[in-house]
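Next come the chains, spelled out residue by residue.
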Amino acid sequence: RLVATGSADTSIRMLDVERMMTKSALGHHQDTHPIIRTLYDHSGAVLTLDFHPAVSVLASGSSDTTIKFFDYSKPSVKRCYRMLQEVASIRCLKFHPSGDHMLVGTEQSTVRLYDVNTFQCFVSSDARDQHSAAITSIHYALDGRIYVTGSNDGSLKVWDGVSNRCINTFKSAHGGEPVGSVRLSKNSKFVLTSGVDGHARLWELSSGNCLNNYKPNKPIKPRYLPTAV
């Protein structure tokens, strides 16, 4: 099991989870280093990462407006083997559960769906489906039938994973503040969101109701939106 982190210094570090747990349990005297690979191929901060669900490929998105694909099955490889050029900083990306497609969110407001093999790009046929500001987070359901997006426009959107059309919009999900993160539950019935208001909220998709509002102990106003690793 592996995790990966992206940094403002343009590097990507891959870590072995078992080694991390061992080091945590035994303390600093343990010689085993959890970092197993460091990748360098971006010229800007690495803002988002995702592992391919079927093969040993890691995708990264950067402020340099590129998405890069790394084959980490080869220990000596530190550079990407494929690159996708976008027109704006990459804020979030997510592989389809099949691994054949990828959703991409950028500083622009349009959700993009790419064929991973051909890099052909698809967008909704109706411009009204799109957000009105940068896309901050994307997450697929386990079966790929739906996905959700969050944006600086303050809304949470639910999309049909087949037609790529928006099927529901939760406006002002965090009181008009930007939505920083969205995550679907395993059964695809609920969405957990976090916002710049400092709150986390649990939404029921069927009713559109907010079931829980998890408030911080102290009022906070983050300077930056969180990004997933």
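Remember, predicted model here, so these are calculated numbers, not experimental data.

(A) The overall build of the protein chain, seen in detail. When its secondary structure is counted, the protein chain shows 1 helix and 19 strands. Expected size for 229 residues packed as a compact globule is a radius of gyration near 17 Å; at 18 Å, the protein chain falls within 12% of this value. Expressed as lengths along the three principal axes of its C-alpha atoms, the size of the protein chain is roughly 50 × 45 × 30 Å. Sequence separation of 24 or more characterises 42% of the internal contacts of the protein chain that already satisfy a separation of 6 or more. Carbon and sulfur atoms provide 51% of the accessible area of the protein chain, an area that totals close to 11800 Å². Of note, the protein chain has its 26 positive side-chain charges centred 4 Å away from the centre of its 20 negative side-chain charges.

(B) A look at the pairing of strand β12 (residues 135-140). Of all 6 residues in β12, 6 are buried, a share of seventy percent or more. Relative to strand β13 (residues 146-151), β12 is paired through 5 bridges, and the arrangement is antiparallel. Residue pairing across strands places Ser-137 opposite Gly-150, the latter belonging to β13. The antiparallel pairing of β12 with β13 creates a hairpin that spans 5 residues between the two strands, and Gly-144 there sits at a positive phi of about 75°.

(C) Representation of the sheet that holds strand β4 (residues 46-51) in the model. Ordered by their spatial adjacency, 4 strands build an open sheet running β4-β5-β6-β7, and the pairing between neighbours is antiparallel. In this open sheet, the two strands that pair with only one neighbour each are β4 and β7 (82-85). Within this sheet the neighbouring strands show an average axis-to-axis angle of 20°, counted without direction.

(D) Up close: the packing of aromatic side chains. Evaluation of the coordinates by the stated rule reveals 6 aromatic pairs. Ring centres of Phe-51 and Tyr-72 lie 5.7 Å apart, and the angle between their planes is 85°; this geometry places the pair in the edge-to-face category. Of this pair, Phe-51 sits in strand β4 while Tyr-72 sits in the loop between β6 (66-71) and β7, and the two are 21 residues apart along the sequence. With relative accessibility at 25%, the residue Phe-51 sits in the partly exposed group. On the numbers, 5.6 Å between centres and 5° between planes, the contact of Tyr-147 with Trp-159 is stacked. Here Tyr-147 is found in strand β13, whereas its partner Trp-159 is found in strand β14 (residues 156-160), with 12 residues between them in sequence. Judged by relative accessible area, which is 0%, Trp-159 ranks as buried. Three or more aromatic residues link up through ring pairs in this structure, and these residues are Phe-69, Phe-95 and Phe-119. For Arg-82, the ring lying beneath its charged end belongs to Phe-119, and the centroid distance is 4.1 Å.

(E) Expanded view of the side chain of Ser-62. Examined against the element boundaries, Ser-62 turns out to sit in strand β5 (residues 57-62). Side-chain polar atoms of Ser-62 contact the backbone oxygen of Gly-44, separated by 3.2 Å. The residues contacting Ser-62, other than those within four sequence positions of it, are His-42, Gly-44, Ala-45, Val-46, Leu-47, Ser-89 and Ile-90.

Rules used throughout
Residues numbered from 1 in each chain as written. Predicted model: local features only at pLDDT ≥ 70, side-chain atom pairs only at ≥ 80, totals over all residues. Heavy atoms only, no water. Helix = DSSP H or I, 4+ residues; strand = E, 2+ residues; numbered from the N terminus. Rg over C-alpha atoms; globule rule 2.2 N^0.38 Å. Contact = heavy atoms within 4.5 Å. Areas by Shrake-Rupley, 256 points an atom, 1.4 Å probe, with all protein chains shown as cover. Lys, Arg positive; Asp, Glu negative; His and termini not counted. Charge placed at Lys NZ, Arg CZ, Asp CG, Glu CD. Buried < 20%, exposed > 50% of the residue type's maximum accessible area, 1.4 Å probe, protein only. Pairing = 2+ DSSP bridges. Axes fitted to C-alpha atoms, helices over the stretch in contact; angles between N-to-C directions. Phe/Tyr/Trp six-rings, centres within 6.5 Å; stacked < 30°, edge-to-face > 60°. Lys NZ or Arg CZ within 6 Å of the ring centre and 35° of its normal. Polar contact = N/O pair within 3.5 Å; in protein donor to acceptor, adjacent residues only side chain to side chain.

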